[in-house]
Amino acid sequence: MNNFQFYSPTEFVFGKESEKLAGHYVKKHGGTNVLLHYGGGSAIRSGLLGRVKESLTAEGIAFTELGGVQPNPRDTLVYEGIKLCREKGIDFILAVGGGSVIDSSKAIAMGVPYDGDFWDFYSGANRPKAALSVATVLTIAAAGSEGSGDSVITKEDGGLKRGAGSDLIRPRFSIMNPELTCTLPPYQTACGATDIMAHVFERYFTNTTEVEITDRLCEAVLLTMVKETPRVIADPANYDARANIMWAGTVAHTNIVGVGREQDWNSHGIEHELSALYDCAHGAGLAVIMPAWMEHVYPHNVLRFAQAAVRIWGCQMDIENPENTAKEGIVRFRQFLRSIGMPLTFAELGAKPEDIPALVEKFGIGDGRTGGFVKLSAEDITKIYEIAVDPQLI
Ligand code: NZQ
Ligand code: ZN
């Protein structure tokens, strides 16, 4: 196991009706003048936003609203949010929504005290030295942004989707009421589940040895998702299944399952180019890309893929030929994704094979290589997109 530092300062407030405590927790964490940031309307329709506002008012906390965050959140609204926060003297941002709303909130939080362009943190030109406090009321189990120090924003001009990371943007608190996720359409639920599983796989496939504890934690999250996802697809109002998935989503991405080991993250990078270009759901893009990535890289460590096949998908180990087991695990992963309604091919995602050179170009690795498990070249990435165009579906 490698040396590590693990910092996860978020206070998680989990359970039924917990959104009614939003005002209490804003006050506890020092907020006096809040930006209430939300998405395209689901939080209004469900009555959630109203309950959160009531809770803030009951605690005497002033707030200003900024809605309209789109999935794959855009820089344009971030600029608007930064301006609004400065004008109103905002000191705390409360994100009511999913990963997109939370990531937009985090970007605004870093942008407000910064003299330059907030995009500097996403282009890699600078690192934030200060940020407003961010907290969340989570409405979808997916991105894990409620417990992560990451934010992913798309620059409208040029369609660049890039991430920034800093402990400064880890949420102060995250309110997690699984009931709120019962209004999610099945497709969106499945996209979230896929993203959660991908966050674990990005960590599971590692070159670091002697990592039994994190291997087993990863497997626990994956087995939970394999069990609970079909339950919520069949029965969207199943509270217990929703609750297990919601906590799995947080555990998957606070990094507690990934400490002390090299991680990969190529599938995320390769997917982000798809959601930037086609505006598809991140989870749907991962369903197309991650198995294709697995198909391309499994020879790098056949036994690790065979281990995943046995422990997660219940495959029988082929002692004579472990490669068969490794490959069967990938087949089973695709079958699972299909069973929950995910796309598996470029065509099902609305992606076009003729765009592959542009996707690779935008990925921007040039002659270099990227990834913590298997270092990929531009040729490798091209190959992965090509596998995703026409995968061997069984
Ligand atoms: O905008 P509204 O109307 O709220 O609708 C949203 C949106 O259309 C809807 N939704 C959310 N909660 C709902 C609901 N509909 C009904 N009932 C509810 N309770 O769901 C749609 C998707 O929401 P979004 O926030 O985009 O989903 P998700 O949480 O999957 O976030 C995706 C974004 O997070 C990024 C992705 O790249 C993508 O941009 N990621 C962020 C990460 C991070 N910050 O750590 C890590 C991830 O790997 C990921 O890259
Ligand atoms: Zn993700």
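Residues numbered from 1 in each chain as written. Chains lettered and ligands numbered in written order. Predicted model: local features only at pLDDT ≥ 70, side-chain atom pairs only at ≥ 80, totals over all residues. Heavy atoms only, no water.

Peer 1: Looking at this model, I keep getting lost on the coordination of the zinc ion (ligand 2). Mind explaining?
Peer 2: Looking at the zinc ion (ligand 2), one finds its protein donor set to be Asp 195 (OD), His 199 (NE2), His 268 (NE2) and His 282 (NE2), positioned 1.9 to 2.2 Å from the metal centre. When the donor residues of the zinc ion (ligand 2) are listed from N- to C-terminus, their spacing reads D-x3-H-x68-H-x13-H. Separated by 69 residues along the polypeptide, His 199 in helix H7 (residues 186-204) and His 268 in helix H10 (residues 266-278) bring together distant segments of the chain. The buried category is assigned to His 199, whose relative accessible area is 3%. (Donors = N, O, S within 2.8 Å, 3.2 Å for Na, K, Ca; no water. Helix = DSSP H or I, 4+ residues; strand = E, 2+ residues; numbered from the N terminus. Buried < 20%, exposed > 50% of the residue type's maximum accessible area, 1.4 Å probe, protein only.)

Peer 1: Just checking my understanding: could you explain the site of ligand 1 for this structure?
Peer 2: As a matter of local geometry, ligand 1 sits amid 32 residues, with Gly 40, Ser 42, Gly 99, Ser 100 and His 199 nearest to it. One nitrogen or oxygen atom from the main chain of Gly 99 is found 2.7 Å from an oxygen atom belonging to ligand 1. Separating an oxygen atom of ligand 1 from a side-chain N or O atom of His 282 is a distance of 3.2 Å. Burial of ligand 1 by the protein amounts to 88% of the accessible area it has alone, namely 960 Å². Of all the secondary-structure elements, those providing two or more residues to the shell around ligand 1 are helix H5 (99-111), strand E6 (150-155), H7 and H10. Classifying every residue of the shell around ligand 1 by side-chain character gives nine nonpolar, 19 polar and four charged. Taken domain by domain, the shell around ligand 1 gets at least three of its residues from each of domain 1 (11-180) and domain 2 (186-389). (Near = heavy atom within 4 Å. Polar contact = N/O pair within 3.5 Å; in protein donor to acceptor, adjacent residues only side chain to side chain. Areas by Shrake-Rupley, 256 points an atom, 1.4 Å probe, with all protein chains shown as cover. Nonpolar A, V, L, I, M, F, W, Y, C, P; charged D, E, K, R; others polar. Domains from an automatic or database assignment.)

Peer 1: Teacher, can you tell me more about the domain arrangement of the protein here?
Peer 2: When the parts of a complex come together, some accessible area is lost, and that lost area is often used as the size of the interface. What the domain assignment reports for the protein is domain 1 (11-180) and domain 2 (186-389). A C-alpha centroid distance of 27 Å is found between domain 1 and domain 2. Taken residue by residue, the interface counts 28 residues in domain 1 and 25 residues in domain 2. Each partner contributes to the roughly 2,000 Å² buried at the junction of domain 1 and domain 2, and carbon and sulfur atoms together form 61% of this total. It is Ala 141, Lys 161 and Pro 178 in domain 1 that bury the most area against domain 2; as a group they hold 24% of the surface buried on that side. Our enumeration of links across domain 1 and domain 2 arrives at two salt bridges. Here Arg 74 makes a salt bridge to Asp 279, at a shortest N to O gap of 3.1 Å. Where domain 1 touches domain 2, the interface holds nine residue pairs in polar contact (both at pLDDT 80 or more). Elements with a contribution of two residues or more to the side of domain 1 that touches domain 2: strand E1 (11-14), E6 and strand E7 (160-165). With three residues, the top contributor of residues to the side of domain 1 that touches domain 2 is E7. Tallied by class, residues from the side of domain 1 that touches domain 2 come to 12 nonpolar, eight polar and eight charged. (Contact = heavy atoms within 4.5 Å. Buried area = accessible area lost by both parts, 1.4 Å probe. Salt bridge = Lys/Arg side-chain N within 4 Å of Asp/Glu carboxyl O.)

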